[in-house]
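Breakdown of the fold
Listed here are the chains, written in short residue letters.
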Amino acid sequence: QVNVVESGGGLVQPGGSLRLSCAVSGITFSAFSMAWFRQAPGKQRDLVAVIDISRRTHYADFVKGRFTISRDNAKNMIYLEMNSLTPDDTAVYYCNAKWVPLDYWGQGTQVTVSS
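These figures come from a predicted structure and were not determined experimentally.

Note on aromatic pairs: each is described by the distance of the centres and the angle between the planes. This structure, assessed with the given rule, holds three aromatic pairs. Taken together through their ring pairs, the aromatic side chains of Phe-32, Trp-99 and Tyr-104 make up a single cluster. Sitting above the plane of the Tyr-94 ring, Arg-45 keeps its charged end 3.6 Å from the centroid. The ring of Trp-105 has Arg-45 sitting right over it, with the charged end atom 4.8 Å from the ring centre.

Given below as C-alpha cells:
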C-alpha cells in the first residue's frame, strides 16, 4: 500500500516562513520524481516545484527565489521550505510522487497566509 502524507501547514503572517514535509511509503522512493502542487479555492491545481531522481529542481515562476524543494532518500521524504510568504500563497499544498505510469498523491496540507 502506498501512503503519501503531507505535514507542516498552518497559519502564518505575511512575510513569514513555513516548512512542509511529505512522508512516502510503499514505493521505491529513489526511483520517483517528487513534486509539490498547490490549489487555491476556486482555482486549478498548479505545480509549485519538482525534484527529480538526480535532484534536479524546477520551480514555478511565482515561487522562484522564495521556495526550496529538497529530498531525503534515506528517509523517503521531501520538503518544501517556503519564505517571504504572501496571501497569494494561501492554498492546499499537495505532495506528488511520479514514475510513469505510476502517480500518487497525498491528501494535502492547508497553508494560510494572513495577518
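Following Val-100, the chain continues to Pro-101 via a peptide bond in cis, the omega torsion being 10 degrees. Within the secondary structure, Pro-101 sits in the loop between strand 9 (91–99) and strand 10 (102–105). In the Ramachandran plot, Arg-55 falls in the positive-phi region, its phi being about 70 degrees despite a non-glycine side chain. Residue position: Arg-55 is located in the loop between strand 5 (45–51) and strand 6 (57–59). Even without being glycine, Ser-84 reaches a positive phi, approximately 50 degrees. Mapped onto the secondary structure, Ser-84 falls in the loop between strand 8 (77–82) and strand 9. The partly exposed category is assigned to Ser-84, whose relative accessible area is 42%.

This part covers the environment of Phe-32. Here Phe-32 shows up in the loop between strand 3 (18–25) and strand 4 (33–39). Residues Phe-32 and Ile-51, 19 residues apart in the sequence, show an inter-C-alpha distance of 9.2 Å.

A few words now on the state of the cysteines. Summed over the entire model, instances satisfying the criterion amount to one disulfide. At a sulfur-sulfur separation of 2.1 Å, the disulfide partner of Cys-22 is Cys-95. One disulfide, between Cys-22 and Cys-95, carries an S-S torsion of -85 degrees and so falls in the left-handed class. On the criterion of sequence distance, the pair formed by Cys-22 in strand 3 and Cys-95 in strand 9 is long-range, its members being 73 residues apart.

A few words now on the pattern of salt bridges. Applying the stated criterion to the full structure yields five salt bridges. When the shortest N-O distance is used, the salt bridge between Asp-52 and Arg-56 registers 2.7 Å. Under the relative-accessibility criterion, Asp-52 is labelled buried at 16%. For Arg-56, a relative accessible area of 56% gives the class exposed. Here Arg-66 and Asp-89 are joined by a salt bridge, their closest N and O atoms 2.7 Å apart. Remark: Asp-89 occurs in the loop between strand 8 and strand 9 and Arg-66 occurs in the loop between strand 6 and strand 7 (67–72); sequence separation between them is 23 residues. Note on accessibility: Arg-66 and Asp-89 belong to one class, buried.

Analysis parameters
Residues numbered from 1 in each chain as written. Predicted model: local features only at pLDDT ≥ 70, side-chain atom pairs only at ≥ 80, totals over all residues. Heavy atoms only, no water. Phe/Tyr/Trp six-rings, centres within 6.5 Å; stacked < 30°, edge-to-face > 60°. Lys NZ or Arg CZ within 6 Å of the ring centre and 35° of its normal. Helix = DSSP H or I, 4+ residues; strand = E, 2+ residues; numbered from the N terminus. Buried < 20%, exposed > 50% of the residue type's maximum accessible area, 1.4 Å probe, protein only. Disulfide = S-S within 2.5 Å. Salt bridge = Lys/Arg side-chain N within 4 Å of Asp/Glu carboxyl O.

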